[in-house]
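So the chains spell out like this:
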Amino acid sequence: MNQFKKLLLLLMCFASFTAKAQPGSAQISILNFTVKQKLPADVSTWNSVPASVLLVAKYMGQGNVVGSKLVLQIKKGSARVCGNDMQSATFLDAFQTRNFSANELTGAFTNCPKLSPGSYTLCAQFFGEERKEKSAETCRVFTIEDEVQVQESYSPPQNITPGIGKIFRPSEISGAVNFRWTPLVPKPKEQVTYKLRVWQLMQGQNSTQAMRTNQPIVTKDVDNITQAIVTNIYTGPCRPPYLCDYVWNVQAVDKNGKALGTNNGTSELSSFTVSDDENITGPTLVAPADGKAFASKDMTSPIQFRWTPLVPKPQQPVTYRLRVWQLMQGETGAQVMRERKPIVTKDVADITEASVSGIYTGPCRPPYLCDYVWQVQALDRTGRPIGEVEGNCELWSFKIAEDAAISGPTLVAPVDGKSFTPNDMSSPVQFRWTPLVPKPQEPVTYRLRVWQLMQGQNSTQAMRTNKPIVTKDVADIAEASVSGIYTGPCRPPYLCDYVWQVQALDKAGKPTGSDEGKSEAWSFKVQNNIDIQIDSLKVGCCINGKQSIYLKIKNNLGTSVNIVAVKYKVNGVGASINLIPIAPPLTQLVAGNGTVVFTSSINCIDAANFLKFLVDAEDVADPDNKETEVKSDTLTCRCDACDEKNFSLTAPTPSQINFANNILSFSQPLTIVSVKPVKSIKAELVYFEMIPENDYCIPCNKDAATYGHFTNGTNSMEWNTVNSPQNFNITTPQMTPCCSAVFRWCIRYKIEFKDCTTCNKLVCYEKRKEGCDKVLDHK
């Protein structure tokens, strides 16, 4: 009897198990249902978003499932927002296992409005005929981002060229001008249109007023590229009220014309000018030398700034404006000049030096550094710049080394530019540096920091903008071991490039040592198993209709790679062009840590400003492991007509320089050796000065137009006889009898060849005129 009960119970359990296994509510299993965490508010665009919605389903019975429908619904909380239902859903084709793409799934949302920002749920469930459930309902949570916040999360473009204050010659700007800027960061997934606009200033306007009031003279839109070529900006001499001053900016917008990024997606304004001051060379800085370090004790005395004058010297008075700026943390010289007022502005008239006190007023407190930049500008009596580059010289720097006696740490390892493989990064990275010299008596803390770069950033920008991914302090030792720097493939906008630095601090946390106790900044990167680089690239000048190409490719890793393609783009745009012919021929093997040199030639391209080359490589053992290296070469062909091998001009000191009747006269022998035939020789009197022994030596009439010229009344003489002495006569001021004086002058000899190229040489002279002998009074 007990055995019969056990058998009956076993049969009942088997029947129950069999009933549960029959087709019913779980005939279809949803194996995978993926919904992207953040999606656009416009549901109709989901099918263009990679991996926005994916679903994999499998029929659990025998054969294929028939008569099934897929119901997809978007819900907010428990309320249904949109989607299909049993009536609107269509029957699916029979399937055993099926992958549903985003394009198939989003077809259920044709009735969906534009979703407002917030959290939602997307639910999927299969049904059969008569509303019978064929699967369990599966739901996934996702978020709709605030479009305004998304658009404003991008860093706007930044202008690159023409640079701020660029001065064009009429000959330069009458052709095409190439405008370039940085892209949005991070790079948007959708198309970006960059709107370039250029305005011309009118009298009395500044840049902001011109942009707000005037119509732009150029408006040009480009899609997904960060440069545009514009012609006909300058159409001739600028007539009042129009100036030869221009400003430009770029705005990034989406396909609907909405601005992308902060500052309404707009870059800062940059200016450029058209000027014909080609013949006047601006001032050049002399002292203090660029990069000079002063000790703090040196600053108790005034600093003497010196520079060279304009050449040739203008006939009107020249004002030289000296300006000095103090840098703050994270600033460059260009930034401080553009954004802040100088701490020193001093004007001097017709002299090339100025003495300044009070620049350093004590220890430099953050955010101010003990670093300074300075510049000199030449102005006429109306305040208008004179000479090239708006009368500005280059920018030089100096600093005050408060801790000059203590040298800061110097980085040792990993070496600058070191490449790690992902496998290398599974072990801790050992950072090492040198200690302070001499070693301070109190304890020193060394602070190691590591930053990860993002798209569009250089090391300086990453250090200034991003938070360090590693900050580690060690006491009185010059090394640190760090794990977990690399956590997997680098996803945009993050790069696999890193920069690191060490700073020395005292026990109070105050920097100690030169440069605020900071070392230089070094970089390293994590690379895949392929790591090729274009080691050198040279595009030759056009010769007989051809331009030569030289490419040297370096394999930085130990495994061999194949170079499978070499292509180029003209001015970096358009379709890639295969470099044919090429030697050696492709495919070309490059051994581990080896190099290969490719040579080729192409037909000359008149419209080319630069060529961008793309080199494709693949792993010999794994052809799916690929890399493309890119490098560009600007086409600048230097003229060598005046090189020593092709030209020389010898102008020895004249045997005698005479002075009589307020005229300097001398004979100048000239010897010209050239591979080209000479067309003409021109002598230009570019500089003249007279230094009398006292102010009473020159009468009141000091009209500059009456002296310091050739006796033909001009500053220019021209002839075509080669290698023969030339006689010069130069007028001088009328002098009081028996006065002494020193005359100095410079002549530029300009040699023009029959092919219209020219070479120049500047020769300077000096003549001393002695006064009358003194008569002794004998009594």
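The structure under discussion appears in the preceding block.
What you see is a predicted model; the values in this text were computed from it and never measured. (Residues numbered from 1 in each chain as written. Predicted model: local features only at pLDDT ≥ 70, side-chain atom pairs only at ≥ 80, totals over all residues. Heavy atoms only, no water.)

What about the overall build of the protein chain?
Part 1 of the argument: Along the backbone of the protein chain there are seven helices and 50 strands.
Part 2 of the argument: Taking all 779 residues of the protein chain together, the buried fraction comes to 40%.
Part 3 of the argument: Residue pairs at least 24 apart in sequence account for 69% of intrachain contacts in the protein chain once pairs closer than 6 positions are excluded.
Part 4 of the argument: Carbon and sulfur atoms make up 50% of the accessible area of the protein chain, which amounts to about 42,800 Å² in all.
Part 5 of the argument: Positive and negative side-chain charges of the protein chain, numbering 80 and 73 respectively, have mean locations separated by a distance of 5 Å. (Helix = DSSP H or I, 4+ residues; strand = E, 2+ residues; numbered from the N terminus. Buried < 20%, exposed > 50% of the residue type's maximum accessible area, 1.4 Å probe, protein only. Contact = heavy atoms within 4.5 Å. Areas by Shrake-Rupley, 256 points an atom, 1.4 Å probe, with all protein chains shown as cover. Lys, Arg positive; Asp, Glu negative; His and termini not counted. Charge placed at Lys NZ, Arg CZ, Asp CG, Glu CD.)

Re the pattern of salt bridges
Part 1 of the argument: A complete count under the given rule lists twelve salt bridges for this structure.
Part 2 of the argument: Residues Lys75 and Glu137 are paired through a salt bridge, measuring 3.2 Å at the closest nitrogen-oxygen approach. In this pair, Lys75 is assigned in strand S4 (residues 69-76) and Glu137 in the loop between strand S7 (118-127) and strand S8 (138-144), connecting sequence segments 62 residues apart.
Part 3 of the argument: A relative accessible area of 41% means that Glu137 is categorised as partly exposed.
Part 4 of the argument: For Arg321, the salt bridge is made with Asp347, and the minimal N-O distance between the two is 2.9 Å. On the criterion of sequence distance, the pair formed by Arg321 in strand S20 (residues 319-328) and Asp347 in strand S21 (residues 344-349) is long-range, its members being 26 residues apart.
Part 5 of the argument: Each of Glu689, Arg744 and Glu766 takes part in one network of salt bridges that share partners. (Salt bridge = Lys/Arg side-chain N within 4 Å of Asp/Glu carboxyl O.)

What about the sheet that holds strand S6 (residues 97-100)?
Part 1 of the argument: With respect to topology, three strands assemble into an open sheet ordered S1-S3-S6, the strand pairing being antiparallel. At either margin of the open sheet sits one strand with a lone partner, and together these are strand S1 (28-35) and S6. Pairwise comparison of adjacent strand axes, ignoring direction, gives a mean angle of 10° for this sheet.
Part 2 of the argument: Relative to S6, strand S3 (residues 53-59) runs antiparallel, the two being bridged by four bridges. Bridging across to S6, Val56 finds its partner in Asn99. (Pairing = 2+ DSSP bridges. Axes fitted to C-alpha atoms, helices over the stretch in contact; angles between N-to-C directions.)

Considering the state of the cysteines
Part 1 of the argument: The final tally for this structure, using the stated rule, is six disulfides.
Part 2 of the argument: Through a disulfide, Cys238 is tied to Cys244; the S-S separation comes to 1.9 Å. Between Cys238 and Cys244, the S-S torsion sits near 95°, and that sign places the bridge as right-handed.
Part 3 of the argument: For Cys238, a relative accessible area of 23% corresponds to the partly exposed category.
Part 4 of the argument: Take Cys244: its relative accessible area is 18%, and that puts it in the buried class. (Disulfide = S-S within 2.5 Å.)

Focus: the packing of aromatic side chains
Part 1 of the argument: Counted under the stated rule, the structure contains 34 aromatic pairs.
Part 2 of the argument: An angle of 15° between the planes, with centres 5.6 Å apart, marks the rings of Trp745 and Tyr765 as stacked. Taken together, the residues Trp745 in strand S49 (residues 741-753) and Tyr765 in strand S50 (residues 758-769) connect sequence positions 20 residues apart.
Part 3 of the argument: Site record: aromatic cluster; members linked through ring pairs are Phe666, Phe710, Trp719, Phe728, Trp745, Tyr749 and Tyr765.
Part 4 of the argument: Between the NZ or CZ atom of Lys69 and the centre of the ring of Phe91, over which it lies, the distance is 4.5 Å. (Phe/Tyr/Trp six-rings, centres within 6.5 Å; stacked < 30°, edge-to-face > 60°. Lys NZ or Arg CZ within 6 Å of the ring centre and 35° of its normal.)

Some thoughts on the environment of Met425
Part 1 of the argument: On the secondary structure map, Met425 appears in the loop between strand S26 (418-420) and strand S27 (429-433).
Part 2 of the argument: The buried category is assigned to Met425, whose relative accessible area is 7%.
Part 3 of the argument: Excluding anything up to four places from it in sequence, Met425 contacts Phe420, Ile485, Tyr486, Phe524 and Val526.

Details of the nonpolar core
Part 1 of the argument: Counting 32 residues, the largest nonpolar core has Trp745, Ile747 and Tyr749 as its most contacted members.
Part 2 of the argument: Listed by contribution, the elements that provide at least two residues to this core are strand S42 (647-650), strand S44 (663-668), strand S46 (678-692), strand S48 (726-731), S49 and S50.
Part 3 of the argument: When residues in this core are grouped by element, the largest group, seven residues, is from S49.
Part 4 of the argument: Listed in part, the 31 residues of the second largest apolar core include Trp46, Val53, Ile74 and Tyr120. (Core = buried A, V, L, I, M, F, W, Y, C linked by side-chain atoms within 4.5 Å.)

Some thoughts on the side chain of Asp254
Part 1 of the argument: Relative to the assigned elements, Asp254 resides in the loop between strand S15 (242-253) and strand S16 (270-274).
Part 2 of the argument: No salt bridge is formed by the buried Asp254; its nearest oppositely charged neighbour, Lys258, is found at 6.0 Å.
Part 3 of the argument: In this structure the side chain of Asp254 is engaged in a polar contact, spanning 2.9 Å, whose partner is the backbone nitrogen of Asn256. (Polar contact = N/O pair within 3.5 Å; in protein donor to acceptor, adjacent residues only side chain to side chain.)

Points about the sheet that holds S44
Part 1 of the argument: Strand order in this open sheet of three strands is S43-S44-S48, and the pairing throughout is antiparallel. Edge positions in the sheet fall to strand S43 (657-660) and S48, since each of these pairs with one other strand and no more. Across the sheet, the mean angle separating the axes of adjacent strands is 20° when strand polarity is ignored.
Part 2 of the argument: The pairing of S44 with S48 spans six bridges and is classified as antiparallel. If you follow Ser667 over to S48, its bridge partner there is Asn727.

With respect to the layout of surface pockets
Part 1 of the argument: Of the pockets and cavities examined, the second largest pocket occupies roughly 1,200 Å³.
Part 2 of the argument: Taken together, 44 residues form the lining of the second largest pocket, with Leu369, Asp371, Asp515, Glu516 and Lys518 sitting closest to its centre.
Part 3 of the argument: Broken down by class, the residue content of the lining of the second largest pocket amounts to 20 nonpolar, ten polar and 14 charged. (1 Å grid on protein atoms, 1.4 Å probe; cavity = no way out; pocket = protein on both sides within 12 Å on 5 of 7 lines; lining within 4 Å. Points joined across faces, edges and corners; volume = space filled by probe spheres on them. Nonpolar A, V, L, I, M, F, W, Y, C, P; charged D, E, K, R; others polar.)

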